[in-house]
Amino acid sequence: MKNSWFKFTILPLFMLCNIAYCQVKTNATEWITVSEDETVTISYNPNITTNKDGNHFVWVKAVYHTPEWQNYFSRMIGRKTPVVTTRTKAEYDEIYSLVRVRQVICYSKAGKKLYDTGDDRSAGWGYVNASDPVGIVGEYLGR
């Protein structure tokens, strides 16, 4: 009798808690925040890939909190809808001192994709500095 009580009461509860824990854990590690203020929150996806040359590919996310920045980016892409989030595929060299932007995707507050450059290798390399989200993440990862 005790065995069936365990099977039908405790075991299902344990399994549900375990599933819930795994879901929370997965979502919590999707983006790691490196900088946050009243203007922007900057994060990166920890699923970093590295090619045979040692270059690292990192997705950088910036969430803009002010209408000024949101409208600035909407003007840059020729849209009237404010850009709340950008996701940028950045390629860094092996020591995170050089970077080039490979792709930029812009999203509205509702999560609708407003603009996508597609993956492009034509951008030149530049030095990593803390003047933009890609540079801030590069400095963070290069420590």
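Use the structure listed above.
Within any chain, residue numbers begin from 1 and follow the written order of that chain's sequence. Whole-chain, interface and lining totals are the exception, using all residues; otherwise, since this is a predicted model, local features are given only for residues with pLDDT of at least 70 and side-chain atom pairs are given and counted only at 80 or more. Excluding hydrogens and water, the side-chain values take into account all heavy atoms of the structure.

Observations concerning the overall build of the protein chain
- A count of helical and extended segments in the protein chain gives 3 helices and 8 strands.
- Secondary structure elements follow DSSP: runs of H or I no shorter than four residues count as helices, runs of E no shorter than two count as strands, and numbering proceeds from the N terminus. Along the chain direction, N to C, the helices and strands of the protein chain fall in the order α-β-β-β-β-α-β-β-β-β-α.
- Per-residue accessibility, obtained with a 1.4 Å probe over protein chains only, is compared with the maximum for each type, and a residue is labelled buried under 20%, exposed over 50%, and partly exposed between these values. The buried share of the protein chain, taken over its 143 residues, is 34%.
- Partitioning the contacts of the protein chain with sequence separation of at least 6, the portion at a separation of at least 24 is 48%.
- Note on areas: these come from Shrake-Rupley sampling with a 1.4 Å probe, and a residue is covered only by the protein chains present in the view. Carbon and sulfur atoms make up 57% of the accessible area of the protein chain, which amounts to about 9,500 Å² in all. Any pair of residues with heavy atoms lying within 4.5 Å of one another is described as a contacting pair.

Thoughts on the pairing of strand E4 (residues 56-64)
- Counting buried residues along E4, 7 of its 9 residues qualify, which places the element largely inside the surrounding structure.
- Relative to E4, strand E2 (residues 40-44) runs antiparallel, the two being bridged by 5 bridges. Looking at the pairing, Tyr44 lines up with Val60 of E4.
- DSSP bridges decide pairing: two strands pair if at least two such bridges lie between them. The pairing of strand E3 (residues 49-50) with E4 spans 2 bridges and is classified as antiparallel. Bridging from a neighbouring strand, Thr49 pairs with Phe57 of E4.
- As paired elements, E4 and strand E5 (residues 85-92) share 8 bridges and run antiparallel to each other. Following the sheet pairing, Val63 is matched in E5 by Thr85.

Thoughts on the nonpolar core
- Of all hydrophobic cores here, the largest spans 20 residues; its most connected members are Val58, Val60, Tyr92 and Val137.
- Breaking this core down by element, the ones donating at least two residues are E2, E4, E5, strand E6 (98-107) and helix H3 (133-141).
- Among the elements that line this core, the one with the most residues is E4, at 4 residues.
- For Tyr92, the residues in contact, after removing those within four places along its chain, are Asn55, His56, Val58, Val60, Leu98, Val99, Trp125, Val128, Val134, Val137 and Gly138. The criterion is simple. A nonpolar core is a set of buried Ala, Val, Leu, Ile, Met, Phe, Trp, Tyr and Cys residues joined through side-chain atoms within 4.5 Å.

Examining the packing of aromatic side chains
- Aromatic rings from Phe, Tyr and Trp, with only the six-membered ring used for Trp, were paired whenever their centres fell within 6.5 Å, and each pair was classed as stacked if the ring planes differed by under 30 degrees, edge-to-face if by over 60, and tilted otherwise. Taken as a whole and assessed by the stated rule, the structure comprises 7 aromatic pairs.
- Relative to Tyr72, the ring of Trp69 has its centre 5.6 Å away and its plane inclined at 80°; by these criteria the two rings are edge-to-face. Here Tyr72 and Trp69 lie together in helix H2 (residues 67-76), a separation of 3 residues that amounts to about one turn.
- For Trp69, a relative accessible area of 37% corresponds to the partly exposed category.

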